[in-house]
Amino acid sequence: MQPSGPVWKPKSYIEGRWMTIAVLLLAGVTVFLAVVLQSAVGFGMALFAIPVLLWLGADLPTAVAMLVVSTAAQSFYGVAVYRQHIPWRAVWAVTPWRFAFMIAGVWLLWYLDALPRDTIKQIVGLTMLAILLVQVALRIKPRARLHGGWTVLAGTLSGLMAGALGMGGPPIVLWAMAHDWPSRVTRSFFWAVFALLAPLQIAVMTIRFGYGIWAGLILGLALAPGTILAARLGVKLGERMNRQRLRQVALGILALIAAAAIAEPWLR
């Protein structure tokens, strides 16, 4: 028998208020851990945060908006600190494609948001699983230059996935890792492309969803300072621990989250 209402029903205003505070704190911890993961292993921020935020009760547009705003501060900080290492030519090569297809992705997000909640979770889980399989299967040999077609493909996929699911990082990560750049150049590239996209994505989402995403924007802004601390913590963690072992643990955790998102409706 299906439940007639929400599983949790507050007995009083006080109980409801404390439950709200607890959920917000858990959302903050989720974003913090997601940034630590991203900074330590180079990927996984949205793959970790989006499904967990959905489990905490956020709708998909709110979760995406929260993540975009909270991590924009980290990206701008990284650009300021490592600006001399940014490969601007590569940044400007891929950014127009990300801009154009991010707009299409936000419109796709509008339609995804109308689907049943369980279906959205399964779409997120299946997308995560596909991303993880690609990252495990591909063995990319770094080189000095890539064919322009790969730039177009990475930019379009990244923009579309960023707008629709907040998961625009993996295509750009794979594209950047195919270059024989030093680690600081690669890291500064990520910060630059994410910093450039964030303001436009926030603007497009506000136009499309209006007041519906303000809660996510405000909470993301409140979490922004903590993401800078999380980024620094993640970088130190990545430097001190075995990188390959850390990557394997991250892939395992993300695979479990993806499987749980896919299977949840059938386990009730």
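Residues numbered from 1 in each chain as written. Predicted model: local features only at pLDDT ≥ 70, side-chain atom pairs only at ≥ 80, totals over all residues. Heavy atoms only, no water.

**Student:** Would you explain helix α3 (residues 60-81) in this entry?
**Tutor:** Think of an α-helix as 3.6 residues a turn; residues three or four steps apart then line up on the same face. For α3, with 22 residues, the first-to-last C-alpha span of 32 Å sits near the 32 Å given by 1.5 Å per residue. Considering bend angle alone, the principal kink of α3 is centred on Ala 72 and spans about 30°. The element α3 is largely enclosed, with a buried count of 17 among its 22 residues. (Helix = DSSP H or I, 4+ residues; strand = E, 2+ residues; numbered from the N terminus. Expected span 1.5 Å × (residues − 1). Bend = angle between axes of the 7 residues up to and from the residue. Buried < 20%, exposed > 50% of the residue type's maximum accessible area, 1.4 Å probe, protein only.)

**Student:** Quick question: what am I supposed to make of the nonpolar core here?
**Tutor:** Side chains that are nonpolar tend, in soluble globular proteins, to be buried together. Counting 58 residues, the largest nonpolar core has Ile 50, Leu 60, Val 124, Met 128, Met 167, Met 205 and Leu 254 as its most contacted members. Looking at this core, the element that brings in the most residues is α3, giving nine residues. Once you skip the residues sitting within four places of it in the chain, Met 128 turns out to touch Leu 47, Pro 51, Met 167, Leu 254, Ile 257 and Ala 258. One finds Val 79, Ile 86, Trp 175 and Phe 190 within the second-largest nonpolar core, a separate group that totals 17 residues. (Core = buried A, V, L, I, M, F, W, Y, C linked by side-chain atoms within 4.5 Å. Contact = heavy atoms within 4.5 Å.)

**Student:** In this structure, what is going on with the confidence of the model for the protein? I would like to understand it.
**Tutor:** Do not read the fine detail of predicted coordinates wherever pLDDT is low. Scored by pLDDT, the protein comes out at a mean of 83, with 91% of its residues at no less than 70. No element of the protein has a lower mean pLDDT than helix α1 (residues 13-41), which averages 74, and none a higher one than helix α4 (residues 88-112), which averages 94. This stretch, residues 1-16, has a pLDDT under 50; its non-local contacts, to residues over four places away or in other chains, come to six contacts. (pLDDT = per-residue confidence, 0-100.)

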